[in-house]
Amino acid sequence: MTSRYAAAEAGRRTEWGDCCADGFAAAAALLRAADDVTLLAHVNPDADALGSALGLGLALHGCGKTVRVSFGEPLHAPESLAALDVAGLIVPASQVPRAPRLLVALDTGNLARLGPLGDRVATADAGLVSDHHVSNPRFGKHHLGDAKAEATAVIVLRLLDELGIPLDTDIARCLYAGLVTDTRCFRIARPATHAYAARLLSAGVRAEIETRTLMDTHPFGWLGMLADVLGRAELEPQAARGLGLVHTRVLGSDVHGMRTEEVESVVDLVRTSAEAEVAAVLKEVGQGEWSVSLRAKQRLDVGAAATALGGGGHRLASGFTATGRADDVLAALRTALDTAPLLDPGQY
Ligand code: MN
């Protein structure tokens, strides 16, 4: 099995501490001085990446700046997120300038996650990376990172406060999309999380409608897809340092007519298995190419396991890509999980 990510990224794990006031002031100064801003989400953008980019983009657009939002691939935004782009800020990757004036990468845990737009980090006049992934190796020149933030959307909200830009409903919807999905509907929450949500709701977000579009709407065929995919799940009680591993595969033939939303929903069902600390879903993204999602409940650092395999993410939610036979990918995964750090039960 070989990893698609640069080996140099592996093993370089740097803890992002709490964002300091200086970080916000410096990031705000960069944005205030810019009149042309390119905001990038990671490839296959999720609600936090694209919501953060669009939320900040709408705010800056409202200040009269030229703003574009993009991501390396695929060509179009996920259907469930497209309605957040009320100002038409999203442009295809091919329309991102070769040398952007100010580039802001959002929710992007490492350079590889920018995909074909990763080269813009080197060619931009100035670059700012805003992220909450614990594995972020601090690529780019300026950083606004906070590994304790529930979502990158929260960092953007605090940045808007620093800029003195008030929330409107359109901005709040974008940030709510990131917050509600990255916290898995506020399962992961501290008091401040709900305080942030309260501000977004006060700005006009209709929680039930937004959440239904984002998380609870699938085509009928999804039910049959789940029956197949979940039916081939396997439990390995001795794997993952004896804490248990449950895994399944989503094959190319399973997902005909399905969106990424349907494919990405699988891991949230597999992870509910009581007998396994770790859940893994191997998604076939090409001939012999796999995108693997990892989730842990609370005891094993699957972020470290993913990083060892060339990917990255959070301690309890991470991923990597690999090429080769599924059985070989699984074998490498078992090895990585058996050497992944145990987490202090009080840590989460
Ligand atoms: Mn995120």
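Everything in this summary refers to the structure shown in the same document. (Residues numbered from 1 in each chain as written. Predicted model: local features only at pLDDT ≥ 70, side-chain atom pairs only at ≥ 80, totals over all residues. Heavy atoms only, no water.)

1. Structural notes on the overall build of the protein
Note the threshold: Elements are defined by DSSP. Helices are runs of H or I of four residues or more, strands are runs of E of two residues or more, and each kind is numbered from the N terminus. Note on method: radius of gyration uses C-alpha positions; expected globular size equals 2.2 Å times residues raised to 0.38. Three exposure classes are used, based on accessible area relative to the maximum for each residue type with a 1.4 Å probe and protein chains only: buried under 20%, partly exposed in between, and exposed over 50%. Any two residues whose heavy atoms approach within 4.5 Å are treated as being in contact. Only four residue types enter the tally: Lys and Arg on the positive side, Asp and Glu on the negative side; His and the chain ends are excluded. Here the site of a charge means NZ on Lys, CZ on Arg, CG on Asp, or CD on Glu.
Counting its regular elements, the protein contains 12 helices and 12 strands. Compactness check: the protein gives a C-alpha radius of gyration of 19 Å against a globular reference of 20 Å for 348 residues, within 12% of the reference. Overall, the protein is about 55 × 40 × 40 Å in size when its C-alpha atoms are taken along their principal axes. The buried share of the protein, reckoned over its 348 residues, is 52%. In the protein, 70% of the contacts between residues at least 6 apart in sequence involve partners at least 24 apart. Taking the average place of the 33 positive charges on the side chains of the protein and the average place of its 42 negative ones, the gap between the two points comes to 3 Å.

2. Observations concerning the coordination of the manganese ion
Which entries qualify depends on this criterion: Distances define the donors: N, O and S atoms within 2.8 Å of the metal qualify, as do those within 3.2 Å of Na, K or Ca. Water is excluded, so some sites may look unfinished.
The protein atoms that coordinate the manganese ion are Asp48 (OD), Asp107 (OD), His132 (NE2) and Asp182 (OD), at distances spanning 2.1 to 2.3 Å. Between consecutive donor residues of the manganese ion, the sequence gaps follow D-x58-D-x24-H-x49-D. Taken together, the positions of Asp107 in the loop between β4 (102-106) and α4 (120-123) and Asp182 in helix α6 (residues 169-182) put the pair 75 residues apart, joining distant regions of the chain. Residue classification places Asp107 among the buried positions, given a relative accessible area of 2%.

3. Focus on the side chain of Thr38
We apply this condition: Whenever two N or O atoms come within 3.5 Å, that pair is a polar contact, provided that in protein one can donate a hydrogen and the other can accept it, and provided that, for residues adjacent in sequence, both atoms are side-chain atoms.
Relative to the assigned elements, Thr38 resides in strand β2 (residues 36-40). Within the local environment of Thr38, its side chain forms a polar contact with the side chain of Arg68, the two groups lying 2.7 Å apart. Excluding anything up to four places from it in sequence, Thr38 contacts Arg68, Val96, Pro97, Pro100, Leu102, Leu103 and Val104.

4. Comments concerning helix α8 (residues 207-215)
The following threshold applies: It is the directions from the helix axis to the C-beta atoms that the arc portrays.
Buried within α8 we find Glu210, Thr211 and Leu214. Summarising the axial view, the buried residues of α8 lie within an arc of 95°, below the 170-degree limit, and thus occupy one face. Looking at the buried residues of α8, the elements they touch are α2 (47-62), α3 (79-82) and α6.

5. Thoughts on the nonpolar core
Which entries qualify depends on this criterion: Among the buried residues, those of types Ala, Val, Leu, Ile, Met, Phe, Trp, Tyr and Cys that are joined through side-chain atoms within 4.5 Å form a nonpolar core.
Counting 56 residues, the largest nonpolar core has Leu31, Leu39, Leu56, Val104, Leu159 and Leu160 as the members making the most contacts within it. For Leu39, the residues in contact, after removing those within four places along its chain, are Ala53, Leu56, Gly57, Val67, Arg68, Val69, Ser70, Val104 and Leu106.

6. With respect to the sheet that holds strand β6 (residues 142-145)
The cut-off we apply is this: At least two DSSP bridges between two strands are required for those strands to pair. Axis angles are defined between N-to-C directions and span 0 to 180 degrees, where every axis is a line fitted to C-alpha atoms and, for a helix, only to the segment in contact.
The strand order across the open sheet formed by 5 strands is β3-β2-β4-β5-β6, and the pairing between neighbours is parallel. Lying at the two open borders of the sheet, with one neighbouring strand each, are β3 (66-70) and β6. Averaged over all pairs of adjacent strands, the angle between their axes in this sheet comes to 15°, without regard to strand direction. The pairing of β4 with strand β5 (residues 126-131) spans 5 bridges and is parallel. In the strand pairing of β5, Leu106 is matched with Ser130. Sheet strands touched by α2: β2, β3 and β4. Its angle to β3, the strand with the most contacts, is close to 170°. Running over the sheet, helix α5 (residues 152-163) touches β4, β5 and β6 and is turned about 120° from β5.

7. Quick word on helix α9 (residues 221-231)
Every buried residue belonging to α9 is among Trp222, Met225, Leu226 and Val229, and all of these are buried. Relative to the axis of α9, the buried residues are bounded by an arc of 100° and lie together on one face. Those residues of α9 that are exposed and aimed more than 90 degrees away from the buried face are Ala227 and Gly231. Those residues of α9 that are buried are in contact with β8 (245-250) and α10 (260-270).

8. A look at the environment of Ala332
Its location among the elements puts Ala332 in helix α12 (residues 326-338). Once the C-alpha coordinates of Ala332 and Ala305 are considered, the two residues, 27 residues apart in sequence, prove to be 9.9 Å apart.

9. Section: the environment of Phe186
Relative to the helices and strands, Phe186 is located in the loop between α6 and α7 (191-202). As a C-alpha pair, Phe186 and Glu150 span 36 residues in sequence and 9.5 Å in three-dimensional space.

10. With respect to the pairing of β5
Among the 6 residues that make up β5, 6 are buried, leaving the element largely enclosed by the rest of the structure. The alternating pattern of β5 places Ala126, Leu128 and Ser130 on one face and Gly127, Val129 and Asp131 on the opposite face, and all of these are buried. By the bridge criterion, 4 bridges tie β5 to β6 in an arrangement that is parallel. The partner of Leu128 across the bridge, within β6, is His142.

11. Thoughts on the packing of aromatic side chains
Quick reminder of the rule: A pair of Phe, Tyr and Trp rings is counted when the ring centres sit within 6.5 Å of each other, with Trp represented by its six-membered ring. The angle between the planes then sorts it: under 30 degrees is stacked, over 60 is edge-to-face, the rest tilted.
Applying the stated criterion across every chain, the model contains 1 aromatic pair. Between Tyr176 and Phe186 the ring centres are 6.1 Å apart and the planes differ by 50°, which places this aromatic pair in the tilted class. Taken together, the residues span a long stretch of sequence, with Tyr176 in helix α6 and Phe186 in the loop between α6 and α7 at a distance of 10 residues. With respect to class, Tyr176 is no different from Phe186; both count as buried.

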